[in-house]
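These are the residues of each chain, in order.
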Amino acid sequence: MQRRVIADSSANMLSMAGMDYQAVPLRVMAGDRVYADDGTISARQLVEELRSHKGRTTTACPSMADWQRAFGDAEECFCVTITSALSGSNNAAEAAAREAMEAAPGRKIFVLDSLSTGAEMTLLAERMAQDICLGMDFDEICQDIKSYQTRTHLMYCLQSLRNLAANGRVSPALAAIIGILGIRMVGSASADGRLELDAKCRGDKKALAAMVNGMRNKGYAGGQVVIDHCVNEPLAQELAQLLRAEWPEANIRIRETGVLCSYYAEGGGLMIGFESEPPEA
Ligand code: X90
């Protein structure tokens, strides 16, 4: 039986080693240029090109057809989407799944609303893959993923909310405060899948302390961490160092944001997916 894991591209993961995995691209539009989130442009180049673009920019979620193409002929699909509170990706995936299952009774497609994005989605997709490797059945996997989701989290540190505000995803008032030079917003994905402000920090040092604190408060105790950065590897490395100082057993990976997350996190931004509770034995 063919079993496939699928995530939209906001997970910042284009492939998964040794797994039947598909990424469904979102898009960024600037004038008549369309940037598909499929690995064809780096975060650095995207940020540079957008800086020189004068007009309006926006984003688009995948269509039902995009999701259906990703399902392919796989009999069982396990999908995870960016939060439904900020994007239509989850809606499109749900509708595509309903249609595909009606057309082929017996086919099983699970769509999970991550209520988050980025590296938290990566952790959820990797858990799906792990469950498949363990040979769990469809319903067991759905249950396990929902319970795993209660101990995955996302924090971020942003230097600008310009693109989020321009596209109606955060309030212009908040964007104006964070837009002040040197001010960083440290926040997390809220329970209902929106941006939650945890701390306004002046400078990287305070922001790093706020991130470590935020993770501790959410129950981080040495489990998996995935740090995605938008043209800011030094800050990602510093955060990793602070975490290792406190939790030597921490399993930390550092990656670069894809197109969608680079656009919204903007240059300098970090997004951190992590598990609460210690690593499993
Ligand atoms: O459908 C679309 O056009 C995509 C809209 C996406 C909007 C939000 C993306 C945010 C990405 C920002 C930091 C983390 C936010 C976490 C929120 C739960 C990156």
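Higher on the page you've got the structure.
Let us look at the structure shown here. (Residues numbered from 1 in each chain as written. Predicted model: local features only at pLDDT ≥ 70, side-chain atom pairs only at ≥ 80, totals over all residues. Heavy atoms only, no water.)

## With respect to the pattern of salt bridges
For step 1, the next point in the chain: As enumerated under the stated definition, the model contains 12 salt bridges in all.
For step 2, the next point in the chain: Of the charged contacts in the structure, one is a salt bridge between Arg194 and Asp192, with a shortest N-O distance of 3.6 Å.
For step 3, the next point in the chain: You can call Asp192 partly exposed: its relative accessible area is 45%.
For step 4, the next point in the chain: Where Arg216 meets Glu246, a salt bridge forms, and the shortest distance between an N and an O atom there is 2.6 Å. Taken together, the residues Arg216 in helix α8 (residues 204-217) and Glu246 in helix α9 (residues 233-246) connect sequence positions 30 residues apart.
For step 5, the next point in the chain: Among the ionic contacts, a cluster of salt bridges with common partners joins Arg27, Asp66 and Arg69. (Salt bridge = Lys/Arg side-chain N within 4 Å of Asp/Glu carboxyl O. Buried < 20%, exposed > 50% of the residue type's maximum accessible area, 1.4 Å probe, protein only. Helix = DSSP H or I, 4+ residues; strand = E, 2+ residues; numbered from the N terminus.)

## Digging into the side chain of Glu275
For step 1, the next point in the chain: By the element assignment, Glu275 lies in strand β13 (residues 270-276).
For step 2, the next point in the chain: It turns out Glu275 is buried and unbridged, and the closest side chain with the opposite charge, Arg151, is 4.8 Å from it.
For step 3, the next point in the chain: There is a polar contact of 2.6 Å between the side chain of Glu275 and the side chain of Tyr148.
For step 4, the next point in the chain: Beyond its immediate stretch of four places on either side in the chain, Glu275 contacts Leu123, Tyr148, Arg151, His153, Tyr220, Gly223 and Gln224. (Lys, Arg positive; Asp, Glu negative; His and termini not counted. Polar contact = N/O pair within 3.5 Å; in protein donor to acceptor, adjacent residues only side chain to side chain. Contact = heavy atoms within 4.5 Å.)

## Here we look at helix α3 (residues 89-103)
It helps to recall that an α-helix has 3.6 residues per turn; residues three or four apart then point in one direction.
For step 1, the next point in the chain: Compared with an ideal rise of 1.5 Å per residue, which puts 15 residues at 21 Å, α3 spans 21 Å between its outermost C-alpha atoms and is within 8% of the ideal.
For step 2, the next point in the chain: Buried within α3 are the following residues: Ser89, Asn90, Ala92, Ala93, Ala95, Ala96, Ala97 and Ala100.
For step 3, the next point in the chain: Where α3 is buried, its residues contact β1 (3-8), α2 (64-71), β6 (76-81) and β7 (108-113). (Expected span 1.5 Å × (residues − 1).)

## Comments concerning the nonpolar core
For step 1, the next point in the chain: Grouped together as the largest cluster of nonpolar side chains are 53 residues, with contacts concentrated most on Val5, Met16, Tyr35, Val80, Phe110, Met128 and Leu161.
For step 2, the next point in the chain: A per-element tally of this core places helix α4 (residues 118-133) first, with 8 residues.
For step 3, the next point in the chain: If we skip the residues at most four places from it in the chain, Phe110 touches Cys77, Phe78, Cys79, Met128, Phe138, Cys142, Ile145 and Lys146.
For step 4, the next point in the chain: Tyr220, Ala236, Leu239 and Trp247 belong to the second largest nonpolar core, which has 24 residues in total. (Core = buried A, V, L, I, M, F, W, Y, C linked by side-chain atoms within 4.5 Å.)

## Quick look at the sheet that holds β7
For step 1, the next point in the chain: Reading across from one edge, β2-β1-β6-β7 is the order of the 4 strands in this open sheet, with parallel pairing throughout. For this open sheet the edge positions go to β2 (21-24) and β7, each flanked by a neighbour on one side alone. Averaged over all pairs of adjacent strands, the angle between their axes in this sheet comes to 20°, without regard to strand direction.
For step 2, the next point in the chain: In this fold α2 packs onto β1, β2, β6 and β7, with an angle of close to 150° to the strand it touches most, β1.
For step 3, the next point in the chain: Of the strands in this sheet, β1, β6 and β7 touch α4, which is tilted by about 165° from β6. (Pairing = 2+ DSSP bridges. Axes fitted to C-alpha atoms, helices over the stretch in contact; angles between N-to-C directions.)

## Overview of the site of the ligand
For step 1, the next point in the chain: Near the ligand, the surroundings consist of 17 residues, among which Thr59, Cys61, Leu86, Ser87 and Arg169 are the closest.
For step 2, the next point in the chain: Separating an oxygen atom of the ligand from a side-chain N or O atom of Thr59 is a distance of 2.6 Å.
For step 3, the next point in the chain: Between the ligand and the protein, one listed contact pairs an oxygen atom with a side-chain N or O atom of Ser87 at 2.7 Å.
For step 4, the next point in the chain: Surface burial for the ligand is 98%, taken as the share of its 560 Å² of free accessible area covered by protein chains.
For step 5, the next point in the chain: Broken down by secondary-structure element, the contributors of at least two residues to the shell around the ligand are β5 (57-60) and β8 (152-158).
For step 6, the next point in the chain: The residue inventory of the shell around the ligand, partitioned by class, reads 11 nonpolar, 4 polar and 2 charged. (Near = heavy atom within 4 Å. Areas by Shrake-Rupley, 256 points an atom, 1.4 Å probe, with all protein chains shown as cover. Nonpolar A, V, L, I, M, F, W, Y, C, P; charged D, E, K, R; others polar.)

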